[in-house]
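Close look at the chain arrangement
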Amino acid sequence: MVDFAYVIAGSEATGGAGLQVDLKTFQELGVYGVGTITCIVSFDPGNGWAHRFVPIEPQVIADQIEAATATHDLDVVKVGMLGTPATIDVVADALAARQWRHVVVDPVLICKGQEPGAALDTDTALREKIIPLATVVTPNLFEAQILSGMDEISSVDDLAEAARRIADLGPKYVVAKGGVELPGDDAVDVLFDGTDVTVLAAPKVGSERVSGAGCTLAAAITAELAKGAEIGDAVAFAKEFTTAGINGRVSAHTPFDTVWQGAFVDALDG
Ligand code: PXL
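The shown structure was predicted, so the numbers you read here are calculated from the model rather than taken from an experiment.

Remarks on the overall build of the chain
- From N to C terminus, the chain includes 9 helices and 9 strands.
- Taken against the 2.2 N^0.38 rule, which gives 18 Å for 270 residues, the C-alpha radius of gyration of the chain at 17 Å falls within 12% of a compact globule.
- If you line up the chain on its principal axes, its C-alpha atoms span 45 × 45 × 40 Å.
- Residue burial in the chain is summarised as follows: out of 270 residues, 50% are buried.
- If you take every contact in the chain between residues at least 6 apart in sequence, the share linking residues at least 24 apart comes to 66%.
- Summing over all exposed atoms, the chain offers an accessible surface of approximately 12,000 Å²; the carbon and sulfur share of this is 51%.
- Side-chain charges of the chain comprise 17 positive and 38 negative groups, with the mean position of each set lying 1 Å from the other.

A short note on the sheet that holds strand 1 (residues 4-12)
- In space, the 9 strands of this open sheet follow the order 3-2-1-4-5-6-7-8-9, with mixed pairing throughout. Every interior strand has two partners, whereas the edge strands, strand 3 (50-55) and strand 9 (197-203), have only one.
- Judged from the 7 bridges that link them, strand 8 (residues 186-192) and strand 9 form a sheet pairing that is antiparallel. Counterpart to Asp186 in the pairing with strand 9 is Pro203.
- Against the sheet, helix 1 (residues 18-28) makes contact with strand 1, strand 2 (32-44) and strand 4 (76-79), and its axis sits at roughly 150° relative to strand 1, the strand it touches most.

Side note on the packing of aromatic side chains
- Tallied over the full model, the rule gives 6 aromatic pairs.
- With a centroid separation of 4.6 Å and 40° between ring planes, the pair formed by Phe4 and Tyr32 is classed as tilted. Linking Phe4 in strand 1 with Tyr32 in strand 2, this pair joins segments that are 28 residues apart in sequence.
- Accessibility expressed as a relative area gives 24% for Phe4, which makes it partly exposed.
- Three or more aromatic residues joined by ring pairs form one cluster here, namely Phe237, Phe241 and Phe264.

Looking at the side chain of Thr87
- Position of Thr87 relative to the elements: it lies in helix 3 (residues 85-96).
- Reaching out from Thr87, the side chain makes a polar contact with the side chain of Thr84 at a distance of 2.9 Å.
- Discounting chain neighbours no more than four positions away, the residues touching Thr87 are Thr38, Ile56, Ile61 and Leu82.

Some points on the nonpolar core
- One finds Tyr6, Leu95 and Ile130 to be the most contacted residues of the largest nonpolar core, which totals 43 residues.
- Core analysis: the second largest hydrophobic core is formed by 31 residues, Ala220, Leu225, Phe237 and Phe241 among them.

Focus: the packing of helix 1 against helix 7 (residues 213-226)
- Relative orientation of the contacting elements helix 1 and helix 7 amounts to 40°, with a least axis distance of 9 Å. With respect to their mutual orientation, helix 1 and helix 7 come out oblique. The element helix 1 and its partner helix 7 pack so that their crossing is right-handed. Residue-level inspection shows Gly18, Val21, Asp22, Thr25 and Phe26 of helix 1 in contact with helix 7, the latter providing Cys215, Thr216, Ala219, Ala220, Thr222 and Ala223.

Observations regarding the packing of helix 2 (residues 58-71) against helix 3
- Relative orientation of the contacting elements helix 2 and helix 3 amounts to 25°, with a least axis distance of 9 Å. Between helix 2 and helix 3, the crossing angle belongs to the class labelled roughly parallel. The crossing of helix 2 and helix 3 is right-handed. Contacts between helix 2 and helix 3 involve Pro58, Ile61, Ala62 and Ile65 from the former and Ala86, Thr87, Val90, Val91 and Ala94 from the latter.

With respect to helix 7
- For helix 7, with 14 residues, the first-to-last C-alpha span of 20 Å sits near the 20 Å given by 1.5 Å per residue.
- The element helix 7 is largely enclosed, with a buried count of 13 among its 14 residues.
- Of the residues flanking the end of helix 7, it is Gly228, one or two places downstream, whose phi is positive at about 105°.

Comments concerning the environment of Arg249
- Counting through the fold element by element, Arg249 comes out in the loop between helix 8 (231-247) and helix 9 (263-269).
- Given a relative accessible area of 34%, Arg249 falls into the partly exposed group.
- Separated by 38 residues in sequence, Arg249 and Ser211 have C-alpha atoms that sit 9.2 Å apart.
- Once residues lying within four places of it in the same chain are set aside, the contact partners of Arg249 are Val205, Val210, Asp257, Thr258 and Trp260.
- Here the side chain of Arg249 touches Ile246 through a polar contact of 3.0 Å, landing on its backbone oxygen.
- For Arg249, the side chain forms a polar contact with the side chain of Asp257, separated by 3.2 Å.

Quick notes on the rules
- Residues numbered from 1 in each chain as written.
- Predicted model: local features only at pLDDT ≥ 70, side-chain atom pairs only at ≥ 80, totals over all residues.
- Heavy atoms only, no water.
- Helix = DSSP H or I, 4+ residues; strand = E, 2+ residues; numbered from the N terminus.
- Rg over C-alpha atoms; globule rule 2.2 N^0.38 Å.
- Buried < 20%, exposed > 50% of the residue type's maximum accessible area, 1.4 Å probe, protein only.
- Contact = heavy atoms within 4.5 Å.
- Areas by Shrake-Rupley, 256 points an atom, 1.4 Å probe, with all protein chains shown as cover.
- Lys, Arg positive; Asp, Glu negative; His and termini not counted.
- Charge placed at Lys NZ, Arg CZ, Asp CG, Glu CD.
- Pairing = 2+ DSSP bridges.
- Axes fitted to C-alpha atoms, helices over the stretch in contact; angles between N-to-C directions.
- Phe/Tyr/Trp six-rings, centres within 6.5 Å; stacked < 30°, edge-to-face > 60°.
- Polar contact = N/O pair within 3.5 Å; in protein donor to acceptor, adjacent residues only side chain to side chain.
- Core = buried A, V, L, I, M, F, W, Y, C linked by side-chain atoms within 4.5 Å.
- Parallel < 35°, antiparallel > 145°, perpendicular 65-115°, else oblique.
- Left-handed = near helix turned anticlockwise from the far one by under 90°.
- Expected span 1.5 Å × (residues − 1).

Given below as structure tokens:
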């Protein structure tokens, strides 16, 4: 029997982030992907690759969720970029209307290139209406700092403390990602399960951010949970899958490279 994974997220038109990455990751990991689009991001090559952002009409989001959930028995969902308070309201209502085995939230506060703080009301709505419905939340360093309210995260201990504070907002598990910004030779993620902190480390691949890494990690966690993995195994595998994808990254005309979701399976095939 095929396992299903559902994603509610934004489209990113280059294929390097967002829903496109989620569905590619699901397919690589052998789960049937179902997707609902919340917004459309089209980078602007004529203007420094700035983000052009168009929200989808709330009723159209509700219609997509109705179609997806009426068609398949979906019990594991990933939530990616939402983008506006109206979108957050409709997605929060839809999540609250049914039972989920896992709700994996990638708390996309801003995406690369946007001005921090430009969308404070969206950040507040995400914290108040979506994060409490999550079973797993996967903030990067910047998002962990905002969501935890900490002044600075400059060590693994700080990252673990941020994860503990974010768990107080409701989610059972917090995966806080140090990425290239956390000082040190390793890319460190911490998993807090409400009691214990597990530190996952892998040598950094260069010092530049690679587009789609956060989306890939959260989608891989979602796919593994859909297949029945335990959270610790899901997160450890997702990190391996994402690290392989960063190693096998694709260069592009954008100023940043993007993750290749096929790299993990390429390596298995030799
Ligand atoms: O990488 C975060 C992200 C998620 N979702 C969408 C995006 C981005 C960043 O560009 O556009 C739709």
